[in-house]
Amino acid sequence: MVVPTYDEALNLAWIVERLRRAQPDFDVLVVDDDSPDGTGRIADELAAADPHVSVLHRTAKGGLGAAYLHGFAHALDAGYDVIGEMDADGSHQPEQLDRLYAALADADLVIGSRWVPGGSVVNWPRRRELLSRGGNLYVRLLLGVRVRDATAGFRLFRRTTLEKIDLATVRSTGYVFQTDLVARTLNAGLTVREVPIEFVERVRGDSKMSGAVATESLKRITEWGLRERSRRVRAALGSGRGRR
Ligand SMILES: Nc1nc2c(ncn2[C@@H]2O[C@H](COP(=O)(O)OP(=O)(O)O[C@H]3O[C@H](CO)[C@@H](O)[C@H](O)[C@@H]3O)[C@@H](O)[C@H]2O)c(=O)[nH]1
(Lines give C-alpha, C1' and ligand atoms only; values in the text may rest on other atoms or scores of the structure.)
Protein backbone atom coordinates (compact mmCIF):
# COMPACT_ATOMS: atom_id res chain seq x y z
CA MET A 1 0.00 0.00 0.00
CA VAL A 2 1.27 3.44 -0.90
CA VAL A 3 0.52 5.89 1.92
CA PRO A 4 1.27 9.57 1.17
CA THR A 5 1.99 11.77 4.16
CA TYR A 6 2.27 15.44 4.89
CA ASP A 7 2.23 16.39 8.58
CA GLU A 8 0.77 13.13 9.83
CA ALA A 9 3.02 12.69 12.88
CA LEU A 10 -0.04 12.21 15.10
CA ASN A 11 -1.50 9.48 12.87
CA LEU A 12 1.20 7.55 11.04
CA ALA A 13 2.32 4.97 13.63
CA TRP A 14 -1.31 4.23 14.56
CA ILE A 15 -2.44 3.71 10.97
CA VAL A 16 0.60 1.66 9.90
CA GLU A 17 0.14 -0.59 12.93
CA ARG A 18 -3.56 -1.09 12.05
CA LEU A 19 -2.70 -1.79 8.43
CA ARG A 20 -0.01 -4.32 9.29
CA ARG A 21 -2.38 -6.07 11.72
CA ALA A 22 -5.29 -6.14 9.25
CA GLN A 23 -3.16 -7.27 6.27
CA PRO A 24 0.05 -8.94 7.49
CA ASP A 25 1.06 -9.85 3.92
CA PHE A 26 0.85 -6.30 2.61
CA ASP A 27 3.90 -4.08 2.39
CA VAL A 28 3.60 -0.39 3.20
CA LEU A 29 5.40 2.39 1.34
CA VAL A 30 5.15 5.76 3.08
CA VAL A 31 5.75 8.68 0.70
CA ASP A 32 6.60 11.73 2.79
CA ASP A 33 7.09 15.25 1.43
CA ASP A 34 9.59 16.40 4.06
CA SER A 35 6.81 17.06 6.57
CA PRO A 36 7.78 19.85 8.97
CA ASP A 37 6.21 17.94 11.90
CA GLY A 38 8.71 15.07 11.68
CA THR A 39 6.46 12.46 10.02
CA GLY A 40 9.44 11.33 7.91
CA ARG A 41 11.47 10.50 11.01
CA ILE A 42 8.58 8.48 12.47
CA ALA A 43 8.29 6.64 9.14
CA ASP A 44 12.02 5.82 9.31
CA GLU A 45 11.56 4.40 12.81
CA LEU A 46 8.63 2.25 11.65
CA ALA A 47 10.68 1.02 8.68
CA ALA A 48 13.65 0.18 10.91
CA ALA A 49 11.39 -1.94 13.12
CA ASP A 50 9.47 -3.76 10.36
CA PRO A 51 10.81 -5.09 7.04
CA HIS A 52 7.31 -4.75 5.52
CA VAL A 53 7.50 -0.95 5.88
CA SER A 54 9.63 1.33 3.73
CA VAL A 55 9.83 5.08 3.16
CA LEU A 56 10.30 7.36 0.20
CA HIS A 57 11.52 10.81 1.23
CA ARG A 58 10.68 13.65 -1.13
CA THR A 59 12.32 17.02 -0.74
CA ALA A 60 9.27 19.32 -0.62
CA LYS A 61 5.48 19.35 -0.64
CA GLY A 62 4.62 18.52 -4.23
CA GLY A 63 0.97 17.48 -3.91
CA LEU A 64 -0.86 14.20 -3.43
CA GLY A 65 -0.75 13.18 -7.11
CA ALA A 66 2.98 13.76 -7.42
CA ALA A 67 3.59 11.72 -4.27
CA TYR A 68 1.49 8.82 -5.60
CA LEU A 69 3.26 8.88 -8.97
CA HIS A 70 6.59 8.60 -7.19
CA GLY A 71 5.30 5.79 -4.97
CA PHE A 72 3.73 3.87 -7.86
CA ALA A 73 7.00 4.03 -9.83
CA HIS A 74 8.78 2.40 -6.88
CA ALA A 75 6.08 -0.23 -6.38
CA LEU A 76 6.06 -1.12 -10.09
CA ASP A 77 9.88 -1.38 -10.12
CA ALA A 78 9.69 -3.64 -7.07
CA GLY A 79 7.38 -6.01 -9.01
CA TYR A 80 4.14 -5.89 -6.98
CA ASP A 81 1.04 -7.33 -8.73
CA VAL A 82 -1.41 -5.26 -6.68
CA ILE A 83 -0.73 -1.65 -5.68
CA GLY A 84 -3.00 0.29 -3.33
CA GLU A 85 -3.70 3.83 -2.12
CA MET A 86 -4.68 4.82 1.39
CA ASP A 87 -4.75 8.07 3.40
CA ALA A 88 -2.62 8.13 6.55
CA ASP A 89 -5.17 9.90 8.77
CA GLY A 90 -7.52 7.02 9.63
CA SER A 91 -10.27 8.07 7.20
CA HIS A 92 -9.70 4.81 5.37
CA GLN A 93 -10.01 1.76 7.57
CA PRO A 94 -7.45 -0.98 6.86
CA GLU A 95 -9.94 -3.50 8.32
CA GLN A 96 -12.09 -2.97 5.19
CA LEU A 97 -9.29 -3.88 2.77
CA ASP A 98 -10.35 -7.54 2.63
CA ARG A 99 -13.51 -6.58 0.74
CA LEU A 100 -11.60 -4.36 -1.70
CA TYR A 101 -9.12 -7.15 -2.34
CA ALA A 102 -11.88 -9.71 -2.96
CA ALA A 103 -13.52 -7.38 -5.50
CA LEU A 104 -10.26 -7.14 -7.47
CA ALA A 105 -10.85 -10.73 -8.64
CA ASP A 106 -13.04 -9.37 -11.44
CA ALA A 107 -11.88 -5.76 -11.74
CA ASP A 108 -8.85 -3.78 -12.83
CA LEU A 109 -9.38 -1.04 -10.25
CA VAL A 110 -11.38 -1.27 -7.03
CA ILE A 111 -12.50 1.91 -5.27
CA GLY A 112 -13.58 2.07 -1.65
CA SER A 113 -16.66 4.21 -2.23
CA ARG A 114 -18.58 6.52 0.07
CA TRP A 115 -21.37 7.21 -2.37
CA VAL A 116 -22.63 3.78 -3.48
CA PRO A 117 -25.46 2.12 -1.50
CA GLY A 118 -24.00 0.87 1.76
CA GLY A 119 -21.20 3.46 1.75
CA SER A 120 -21.12 6.23 4.35
CA VAL A 121 -19.18 9.07 5.93
CA VAL A 122 -18.78 9.60 9.67
CA ASN A 123 -18.30 13.06 11.17
CA TRP A 124 -17.56 14.78 7.90
CA PRO A 125 -18.53 18.45 8.02
CA ARG A 126 -21.60 19.12 5.85
CA ARG A 127 -19.43 21.44 3.70
CA ARG A 128 -17.00 18.60 2.84
CA GLU A 129 -19.84 16.19 2.07
CA LEU A 130 -21.40 18.71 -0.31
CA LEU A 131 -18.04 19.39 -1.94
CA SER A 132 -17.44 15.67 -2.50
CA ARG A 133 -20.96 14.88 -3.74
CA GLY A 134 -20.99 18.02 -5.94
CA GLY A 135 -17.50 17.28 -7.28
CA ASN A 136 -18.47 13.72 -8.16
CA LEU A 137 -21.66 14.91 -9.87
CA TYR A 138 -19.59 17.39 -11.90
CA VAL A 139 -17.19 14.60 -12.89
CA ARG A 140 -20.09 12.39 -14.03
CA LEU A 141 -21.73 15.18 -16.02
CA LEU A 142 -18.59 16.52 -17.68
CA LEU A 143 -16.54 13.39 -18.17
CA GLY A 144 -19.35 10.85 -18.45
CA VAL A 145 -17.51 8.73 -15.88
CA ARG A 146 -20.01 6.21 -14.50
CA VAL A 147 -18.52 5.98 -11.02
CA ARG A 148 -20.14 7.38 -7.87
CA ASP A 149 -16.91 8.20 -6.00
CA ALA A 150 -14.22 9.09 -8.54
CA THR A 151 -12.44 11.34 -6.02
CA ALA A 152 -11.95 8.63 -3.39
CA GLY A 153 -8.43 7.73 -2.32
CA PHE A 154 -8.87 4.20 -0.94
CA ARG A 155 -8.10 1.91 -3.87
CA LEU A 156 -6.47 -1.19 -5.21
CA PHE A 157 -5.04 -1.30 -8.73
CA ARG A 158 -3.84 -4.29 -10.61
CA ARG A 159 -0.27 -3.75 -11.73
CA THR A 160 -1.44 -4.23 -15.32
CA THR A 161 -3.86 -1.30 -14.91
CA LEU A 162 -1.11 1.10 -13.91
CA GLU A 163 1.00 -0.17 -16.81
CA LYS A 164 -1.81 0.49 -19.31
CA ILE A 165 -2.84 4.02 -18.30
CA ASP A 166 0.39 5.79 -19.26
CA LEU A 167 1.38 7.30 -15.92
CA ALA A 168 4.24 9.18 -17.62
CA THR A 169 1.70 11.61 -19.11
CA VAL A 170 -0.19 12.34 -15.86
CA ARG A 171 0.10 16.04 -14.97
CA SER A 172 -2.38 16.19 -12.06
CA THR A 173 -0.45 17.08 -8.94
CA GLY A 174 -3.27 17.55 -6.42
CA TYR A 175 -6.35 15.54 -5.45
CA VAL A 176 -7.67 15.67 -9.05
CA PHE A 177 -5.12 12.93 -9.63
CA GLN A 178 -7.73 10.51 -8.26
CA THR A 179 -10.31 11.46 -10.90
CA ASP A 180 -7.63 11.49 -13.61
CA LEU A 181 -6.72 7.87 -12.87
CA VAL A 182 -10.34 6.68 -12.82
CA ALA A 183 -11.01 8.36 -16.19
CA ARG A 184 -7.83 6.88 -17.67
CA THR A 185 -8.74 3.40 -16.41
CA LEU A 186 -12.22 3.58 -17.96
CA ASN A 187 -10.89 5.11 -21.21
CA ALA A 188 -8.48 2.20 -21.49
CA GLY A 189 -11.53 -0.12 -21.54
CA LEU A 190 -10.73 -1.53 -18.10
CA THR A 191 -13.19 -2.47 -15.34
CA VAL A 192 -13.73 -0.31 -12.26
CA ARG A 193 -15.70 -1.68 -9.30
CA GLU A 194 -16.88 0.30 -6.29
CA VAL A 195 -17.10 -1.35 -2.88
CA PRO A 196 -19.00 0.50 -0.13
CA ILE A 197 -16.85 1.73 2.73
CA GLU A 198 -17.34 3.75 5.87
CA PHE A 199 -15.13 6.86 5.61
CA VAL A 200 -14.31 8.33 9.03
CA GLU A 201 -13.24 11.96 9.35
CA ARG A 202 -9.81 12.28 10.92
CA VAL A 203 -9.65 13.04 14.65
CA ARG A 204 -6.00 14.20 14.69
CA GLY A 205 -4.18 16.67 12.47
CA ASP A 206 -5.62 18.71 9.61
CA SER A 207 -6.84 18.02 6.08
CA LYS A 208 -4.57 19.36 3.34
CA MET A 209 -7.52 20.21 1.11
CA SER A 210 -7.07 23.86 0.10
CA GLY A 211 -8.45 26.44 -2.30
CA ALA A 212 -5.57 25.71 -4.70
CA VAL A 213 -6.34 21.96 -4.62
CA ALA A 214 -10.06 22.59 -5.32
CA THR A 215 -9.24 25.09 -8.09
CA GLU A 216 -6.90 22.65 -9.83
CA SER A 217 -9.67 20.02 -9.75
CA LEU A 218 -12.32 22.36 -11.14
CA LYS A 219 -10.01 23.69 -13.87
CA ARG A 220 -8.76 20.32 -15.06
CA ILE A 221 -12.12 18.55 -15.03
CA THR A 222 -13.65 21.43 -16.99
CA GLU A 223 -10.77 21.34 -19.53
CA TRP A 224 -11.02 17.56 -19.97
CA GLY A 225 -14.81 17.76 -20.33
CA LEU A 226 -14.68 20.52 -22.96
CA ARG A 227 -11.90 18.75 -24.86
CA GLU A 228 -13.89 15.50 -24.90
CA ARG A 229 -17.03 17.34 -26.08
CA SER A 230 -15.22 19.06 -28.95
CA ARG A 231 -13.61 15.73 -29.91
CA ARG A 232 -17.07 14.13 -30.06
CA VAL A 233 -18.49 17.03 -32.10
CA ARG A 234 -15.56 16.83 -34.56
CA ALA A 235 -16.00 13.06 -34.85
CA ALA A 236 -19.77 13.47 -35.46
CA LEU A 237 -19.19 16.17 -38.10
CA GLY A 238 -16.50 14.03 -39.73
CA SER A 239 -18.73 10.94 -39.93
CA GLY A 240 -21.65 13.13 -41.18
CA ARG A 241 -19.49 14.42 -44.03
CA GLY A 242 -18.42 10.87 -44.85
CA ARG A 243 -22.04 9.77 -45.21
CA ARG A 244 -23.13 12.56 -47.55
N1 LIG B 1 3.22 13.23 0.34
C2 LIG B 1 2.16 14.03 0.35
N3 LIG B 1 1.03 13.64 0.98
C4 LIG B 1 -0.03 14.47 0.97
C5 LIG B 1 -0.03 15.71 0.34
N6 LIG B 1 -1.25 16.28 0.51
C7 LIG B 1 -1.98 15.41 1.23
N8 LIG B 1 -1.24 14.32 1.53
C9 LIG B 1 -1.64 13.13 2.27
O10 LIG B 1 -2.72 12.56 1.56
C11 LIG B 1 -3.66 11.98 2.44
C12 LIG B 1 -5.04 12.62 2.21
O13 LIG B 1 -4.95 14.01 2.51
P14 LIG B 1 -6.06 14.73 3.43
O15 LIG B 1 -5.78 16.17 3.41
O16 LIG B 1 -6.19 14.03 4.72
O17 LIG B 1 -7.35 14.46 2.56
P18 LIG B 1 -8.86 14.65 3.01
O19 LIG B 1 -9.23 16.02 2.70
O20 LIG B 1 -9.13 14.15 4.36
O21 LIG B 1 -9.45 13.52 2.09
C22 LIG B 1 -10.11 13.60 0.87
O23 LIG B 1 -9.25 13.74 -0.29
C24 LIG B 1 -8.33 12.73 -0.47
C25 LIG B 1 -7.40 12.96 -1.66
O26 LIG B 1 -7.84 12.31 -2.75
C27 LIG B 1 -9.01 11.42 -0.63
O28 LIG B 1 -8.00 10.44 -0.66
C29 LIG B 1 -9.92 11.16 0.53
O30 LIG B 1 -10.64 9.99 0.27
C31 LIG B 1 -10.86 12.32 0.77
O32 LIG B 1 -11.82 12.41 -0.22
C33 LIG B 1 -3.10 12.19 3.86
O34 LIG B 1 -2.41 11.03 4.24
C35 LIG B 1 -2.17 13.39 3.68
O36 LIG B 1 -1.15 13.45 4.63
C37 LIG B 1 1.18 16.13 -0.32
O38 LIG B 1 1.30 17.21 -0.90
N39 LIG B 1 2.22 15.24 -0.29
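Reading the values: rules and limits
Residues numbered from 1 in each chain as written. Predicted model: local features only at pLDDT ≥ 70, side-chain atom pairs only at ≥ 80, totals over all residues. Heavy atoms only, no water. UniProt positions renumbered as here; feature names shortened; annotations may be inferred. Near = heavy atom within 4 Å. Polar contact = N/O pair within 3.5 Å; in protein donor to acceptor, adjacent residues only side chain to side chain. Areas by Shrake-Rupley, 256 points an atom, 1.4 Å probe, with all protein chains shown as cover. Helix = DSSP H or I, 4+ residues; strand = E, 2+ residues; numbered from the N terminus. Contact = heavy atoms within 4.5 Å. Buried < 20%, exposed > 50% of the residue type's maximum accessible area, 1.4 Å probe, protein only. Pairing = 2+ DSSP bridges. Right-handed = clockwise from strand over helix to strand, strands pointing away. Core = buried A, V, L, I, M, F, W, Y, C linked by side-chain atoms within 4.5 Å. Phe/Tyr/Trp six-rings, centres within 6.5 Å; stacked < 30°, edge-to-face > 60°. Lys NZ or Arg CZ within 6 Å of the ring centre and 35° of its normal.

With an unreviewed UniProt entry as reference, the chain is termed Polyprenol monophosphomannose synthase, source organism Nocardioides luti. Looking at the Sequence similarities (unreviewed entry) heading of the UniProt record, one finds this comment for the chain: "Belongs to the glycosyltransferase 2 family."

**Focus: the site of the ligand**
Around the ligand, 25 residues are found, and the nearest of them are Glu8, Arg114, Tyr175, Arg202 and Lys208. Here an oxygen atom of the ligand and a side-chain polar atom of Arg128 are 2.8 Å apart. Burial of the ligand by the protein amounts to 98% of the accessible area it has alone, namely 730 Å². Within the residue set of the shell around the ligand, elements represented by two or more residues are strand S1 (2-5) and helix H3 (64-78).

**Comments concerning the side chain of Glu129**
The residue Glu129 is located in helix H5 (residues 126-143) in this model. With sequence-adjacent residues up to four places away left out, Glu129 is seen in contact with Trp115, Val121 and Trp124.

**Side note on the pairing of strand S2 (residues 28-32)**
Counting buried residues in S2 gives five out of five residues, a clear majority hidden from the surface. Residues of S2 alternate between two faces, with Val28, Val30 and Asp32 on one and Leu29 and Val31 on the opposite face, all of them buried. Judged from the four bridges that link them, S1 and S2 form a sheet pairing that is parallel. Paired with Val2 across the strands is Leu29, a residue of S2. For the crossover that starts at S1, traverses helix H1 (residues 12-22) and ends in the parallel S2, the hand is right-handed. Relative to strand S3 (residues 53-57), S2 is paired through five bridges, and the arrangement is parallel. When the sheet's bridge partners are listed, Leu29 is paired in S3 with Ser54. The β-α-β motif built from S2, the intervening helix H2 (residues 39-49) and the parallel element S3 has right-handed crossover chirality.

**Observations regarding the nonpolar core**
In terms of nonpolar packing, the biggest core is built from 33 residues, with Phe72, Val145, Leu162, Leu167 and Leu181 touching the most fellow members. Those elements that place two or more of their residues in this core are S2, H3, strand S5 (109-113), H5, helix H7 (176-187) and helix H8 (211-243). Tallying contributions element by element places H3 first for this core, with six residues.

**Re H1**
All of the buried residues along H1 are Leu12, Ile15, Val16, Arg18, Leu19 and Arg20. In this structure, the buried side of H1 is in contact with S1, S2, H2, S3 and helix H4 (97-103).

**Looking at the packing of aromatic side chains**
Applying the stated criterion to the full structure yields six aromatic pairs. Between Phe72 and Phe177, the aromatic rings sit 6.2 Å apart at their centres with planes inclined by 40°, giving tilted as the arrangement. Remark: Phe177 occurs in helix H7 and Phe72 occurs in helix H3; sequence separation between them is 105 residues. The exposure classification of Phe72 matches that of Phe177, with both residues buried. Put simply, the rings of Tyr68, Phe72, Phe157 and Phe177 touch in pairs and so form one group of aromatic residues. A cation over a ring is seen here: Arg114 above Phe199, with NZ or CZ 4.9 Å from the ring centre.

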